[in-house]
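Understanding the architecture of this molecule
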Amino acid sequence: MRHSMWAYPWDLQDLGLDTVYHDYQQLAGVNGISLAVSYHAGRFLQPRSPKRKSYYPEDGTIYFVPDDNLWAGKEIQPLVAQNLHESGDMLAPLIRDKKQHGLSVSCWTVCLHNSRLGFKHPEHVARNAFGDPNYYSLCPNSNAVRDYATTLVENLTHNYKPDMVELETIGFMGFDHGYHHEKDGLGLTAEDDFLLSICFCDHCIKAAKDVGVDALSAKEDVQNLITQASNRETPEAQFPEFPGQRLECFKDHTALYAFLQWRTQAPTKIVQSIKEAAHPDSKIVVIESENAWRDGVDIKAIGQACDGVIICAYTATETEISNIISETRNHLGPNKYLGLGASLFYEHTPTQKQLVERIDTAIETGANGINYYNYGLVPEARLSWIKSSNGI
């Protein structure tokens, strides 16, 4: 049974590797570490760091050494975080000392959520039906974006050879994403947010047209629906069954419904490309949620393209977790890796009992492993909650 805890490079730098290994094995009792190697910006409270109590990572940077030969001539180039230049490459010692510390090493890789690259390459970002850019979301239908994500993992797996690469954000991101000081005086409903998240950039329009999908009519449908929503006095659902019935809510909008079903091919192609380029010794899995369909991600197709998935369900009840794991296992089949992403945040999991119940339920229902969020963001005392669960 795989039990891995997500961590950031600055956690390892601030606390030191000896402390990290002790915490992982003795306090938490896990057997793996999932290190962020490509990440976005934020403001992170650091309760355990002896050096700081908050940290602002650079936006859209990588935390490993790029192979210049692999990146030569690529349209979209990664930027190495200043953190690595100042404090060192933390992935290298984790890989080098695996026999000593005994932890499996995974590369936690944020793929398409990258505002730095979005502003630098606006021609490759997702755009709503009105042509407005979502700068934080690179479009998976862009060939250059697919090449960028593929080369990231090719670089990692051939130069570092981790046990696993965990791919995050391989689909279309939501309109409501917690961007800086978001303003909404209208009162967006869940369906409005979803409609504004559907990408109709030039890459999507062309790719759809190439296979006979009427993207322009779908785009017009969304424009009309959002215009109607923008003219209402107070929030009112146009699709009362959304999100419960998922994409079936839009089946009366023929062009839109067809477009939504078609667009799942883009994330799948990215994962296929990554898997083909990756070193065979590194397993490739995708991090998603039970709402992967909102991101245009087809879990069944993704499972066929790689080695498995990790489904994050940070606030789910035992019954919900049982249903999520069972449904995902049915999509994946018996032989693919299926992990649960569990949160140690107080707002998500206020008691040890809740965490134990979620983990035990996931394992009993057929999960092959658990990922825990997140090592450096929670107090030391909470790490012992993990060890109290079944299978540790």
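Just so you know, these numbers come straight off a predicted model, no measurement behind them.

Some points on the overall build of the chain
In terms of regular secondary structure, the chain is built from 17 helices and 13 strands. In terms of overall dimensions, the chain is globule-like: its C-alpha atoms have a radius of gyration of 21 Å, near the 21 Å expected for 392 residues. Scored against the burial criterion, the 392 residues of the chain give a buried share of 56%. A sequence separation of at least 24 residues applies to 75% of the contacts in the chain between residues at least 6 apart. With an accessible surface of roughly 16600 Å², the chain has 47% of that area assigned to carbon and sulfur atoms. Mean positive and mean negative side-chain charge positions of the chain (34 and 50 charges, respectively) differ by 5 Å.

Some remarks on the pairing of strand S2 (residues 32-39)
Counting buried residues along S2, eight of its eight residues qualify, which places the element largely inside the surrounding structure. Looking at chain direction, S2 and strand S6 (residues 104-110) are connected through six bridges and run parallel. Across the sheet, the residue bridging to Ile33 is Val105, located in S6. For S2 and strand S5 (residues 61-62), the ladder comprises two bridges, and the chain directions are antiparallel. Bridge pairing links Tyr39 to Thr61 in S5.

Some words on the pattern of salt bridges
In this structure the tally under the stated criterion is twelve salt bridges. With a shortest N-O distance of 3.6 Å, Glu380 and Arg48 are connected by a salt bridge. Of this pair, Glu380 sits in the loop between strand S13 (369-373) and helix H17 (384-387) while Arg48 sits in the loop between strand S3 (44-45) and strand S4 (54-55), and the two are 332 residues apart along the sequence. The salt bridge partner of Asp97 is Arg96, with a shortest N-O separation of 3.2 Å. Overall, Asp97 belongs to the buried group, its relative accessible area being 18%. Each of the salt bridges in this network shares a partner with another, and the network as a whole consists of Asp23, Arg48 and Glu380.

Things to note about the layout of surface pockets
Empty pockets left among the atoms are what a rolling probe the size of a water molecule brings to light. The space that makes up the second largest pocket amounts to roughly 390 Å³. Arg246, Trp293, Ile299, Glu327 and His331 are the residues nearest the centre of the second largest pocket, which is lined by 18 residues in total. Secondary structure elements with two or more residues in the lining of the second largest pocket: helix H14 (299-305) and helix H15 (318-332). It is H15 that contributes the most residues to the lining of the second largest pocket, four residues altogether. Split by residue class, the lining of the second largest pocket holds seven nonpolar, six polar and five charged.

Focus on the packing of aromatic side chains
Applying the stated criterion to the full structure yields 26 aromatic pairs. Note on Phe194 and Trp293: the rings are 5.8 Å apart at their centroids and 50° apart in plane angle, and the pair reads as tilted. Here Phe194 is found in helix H9 (residues 190-197), whereas its partner Trp293 is found in the loop between strand S10 (283-289) and H14, with 99 residues between them in sequence. The exposure class assigned to Phe194 is buried, which follows from its relative accessible area of 3%. Grouping aromatic residues by their ring pairs yields a cluster made of Trp6, Tyr8, Trp10, Tyr39, Phe44, Tyr55, Tyr63, Trp108, Tyr314, Phe345 and Tyr373. Above the face of the Trp385 ring, Arg382 is positioned so that its terminal group lies 5.7 Å from the ring centre.

Focus on the nonpolar core
One finds Met5, Leu12, Tyr24, Ile33, Leu91, Leu167 and Tyr372 to be the most contacted residues of the largest nonpolar core, which totals 78 residues. Beyond its immediate sequence surroundings of up to four residues, Tyr24 is in contact with Met5, Trp6, Ala7, Gly29, Val30, Gly32, Ile33, Leu103 and Tyr375. The next biggest cluster of nonpolar side chains, apart from the first, holds 33 residues, and it includes Ala208, Phe242, Leu247 and Trp293.

Brief notes about the side chain of Asp221
Note that Asp221 resides in helix H11 (residues 215-230). This buried residue, Asp221, is left without a salt bridge; Lys219 holds the nearest opposite charge, at 13 Å. Residues in contact with Asp221, not counting those within four places in the same chain, are His253, Ala255 and Leu256.

Considering the pairing of strand S9 (residues 164-168)
In terms of burial, S9 is a largely internal element, four of the five residues being buried. Relative to S9, S6 runs parallel, the two being bridged by five bridges. Bridge pairing links Ser106 to Met164 in S9. When S9 meets S10, the two strands line up parallel, connected through four bridges. When the sheet's bridge partners are listed, Leu167 is paired in S10 with Val286.

Section: unusual backbone geometry
Of note, the amide linkage connecting Phe242 to Pro243 takes the cis form, showing an omega dihedral of 5°. Tracing the chain through its elements places Pro243 in the loop between H11 and helix H12 (254-262). Of note in the backbone geometry, Thr169 takes a positive phi value of approximately 55° without being a glycine. Assignment of secondary structure puts Thr169 in the loop between S9 and H9. If you check the backbone angles, Arg246 has positive phi at about 55° while not being a glycine. Mapping Arg246 onto the fold places it in the loop between H11 and H12.

Rules used in this analysis
- Residues numbered from 1 in each chain as written.
- Predicted model: local features only at pLDDT ≥ 70, side-chain atom pairs only at ≥ 80, totals over all residues.
- Heavy atoms only, no water.
- Helix = DSSP H or I, 4+ residues; strand = E, 2+ residues; numbered from the N terminus.
- Rg over C-alpha atoms; globule rule 2.2 N^0.38 Å.
- Buried < 20%, exposed > 50% of the residue type's maximum accessible area, 1.4 Å probe, protein only.
- Contact = heavy atoms within 4.5 Å.
- Areas by Shrake-Rupley, 256 points an atom, 1.4 Å probe, with all protein chains shown as cover.
- Lys, Arg positive; Asp, Glu negative; His and termini not counted.
- Charge placed at Lys NZ, Arg CZ, Asp CG, Glu CD.
- Pairing = 2+ DSSP bridges.
- Salt bridge = Lys/Arg side-chain N within 4 Å of Asp/Glu carboxyl O.
- 1 Å grid on protein atoms, 1.4 Å probe; cavity = no way out; pocket = protein on both sides within 12 Å on 5 of 7 lines; lining within 4 Å.
- Points joined across faces, edges and corners; volume = space filled by probe spheres on them.
- Nonpolar A, V, L, I, M, F, W, Y, C, P; charged D, E, K, R; others polar.
- Phe/Tyr/Trp six-rings, centres within 6.5 Å; stacked < 30°, edge-to-face > 60°.
- Lys NZ or Arg CZ within 6 Å of the ring centre and 35° of its normal.
- Core = buried A, V, L, I, M, F, W, Y, C linked by side-chain atoms within 4.5 Å.

Honestly, it's all geometry; don't read function into it.
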